[in-house]
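# Chain and residue survey
Residue-level listing of the chains:
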Amino acid sequence: MAGRGFVSGHRLHYQVGKISMQPSFEIHPLVLCGGSGTRLWPLSRKSYPKQFVQLIGDRSLYQRCAERMTGTRGAVTFAAPTILTGSDFRFVVTEQLQDIGIDPGAILIEPEGRNTAPAVLAAALHIAKTSPEALLLVAPSDHILPDADAFAAALALAAGAALNGDLVTFGIAPSYPETGYGYLKLAGTHDKDAAYKLERFVEKPDQATAEQMVADGGFLWNAGIFLFAAKDIISAFERHAPDLVTPVRAAVEQGEPDLGFLRLAPKPWAEVQNISIDYAVMEKADNLSVVPFRGSWSDLGSWSAVRDQSAL
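Described below are features of the structure shown in this document. (Residues numbered from 1 in each chain as written. Predicted model: local features only at pLDDT ≥ 70, side-chain atom pairs only at ≥ 80, totals over all residues. Heavy atoms only, no water.)

## So, the side chain of S60
If you trace the backbone, S60 turns up in the loop between β4 (25-32) and α1 (61-68). Classification of S60 as buried rests on a relative accessible area of 0%. (Helix = DSSP H or I, 4+ residues; strand = E, 2+ residues; numbered from the N terminus. Buried < 20%, exposed > 50% of the residue type's maximum accessible area, 1.4 Å probe, protein only.)

## Examining the state of the cysteines
Counted by the stated rule, this structure contains zero disulfides. Unpaired in this structure, C33 has its nearest cysteine sulfur neighbour in C65, at a distance of 8.3 Å. Here C33 falls in the buried class, since its relative accessible area comes to 1%. Using a relative accessible area of 0% as the deciding quantity, one classes C65 as buried. (Disulfide = S-S within 2.5 Å.)

## Let's talk about the pattern of salt bridges
Taken as a whole and judged by the stated rule, the model has ten salt bridges. For E67, the salt bridge is made with R59, and the minimal N-O distance between the two is 3.0 Å. The class for R59 is partly exposed, based on a relative accessible area of 27%. A salt bridge links R239 to D286; the shortest N-O distance between them is 3.8 Å. Of the two residues, R239 is situated in helix α6 (residues 230-240) and D286 in the loop between α9 (277-282) and β16 (288-293); the sequence distance between them amounts to 47 residues. Across this residue pair, the class does not change: R239 and D286 are exposed. (Salt bridge = Lys/Arg side-chain N within 4 Å of Asp/Glu carboxyl O.)

Structural data, given as structure tokens:
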């Protein structure tokens, strides 16, 4: 198996058929919090979406997300987070982090929403200027994962695959046949000390298909959480979505610092396609792995989901 020697300051150790490494892994969170939505109206609305609302406990979902990825947990050490958001939310993202004592590494302001692919690429290009080997964790800010230590353990399992060049996604063990989520089809046999290979992404199914996939046992919900090295995701964009690379790179390079924010340049950003990272890159790539997360998880897409999580 080919190796990379030293990566991000950590020595890779080779064992038969797999890779392990000395703790700890340094991971750079990319927190996506530019979206707006009204599924939890009236508390969540376009001008103040659900990630900034205290739906459960005394923290907003965004604050809980940031706290989950701070400091050291087990074998994982988190770098200061990079925040991606829109101009309307630039002060609330800063204020809510200050309230819980977290300093961001950078806050990138998108001139307008263009979905997850351009946002992730912009952050990767920004970080790769100084740390091309950095492991980037794409984390939606409106999800809830109550067991932060279990999530960190899943990240440690994923880090070996990411350092070896894979694009890693995280799947949730389905508890019922949900039709509102995409699914991940696992490939082949599995070593419990390594990530699965991912066979394919599956679009949101109808009820009968969802029931069949859950009964099969070889499928996971697609949580929209990803881990990869900065240079590897940039290479994936160059291969699978090259039309995005030039305008996004220009938006980053022509970006203007503004009161602690980096405002991406609006002119090149206006040329960027509105597309998710799943469609742009992940569904086309062949270097994919998936790590199952068997702890509690929810995207809190309904009031019933909020009620269920509040009861935990």
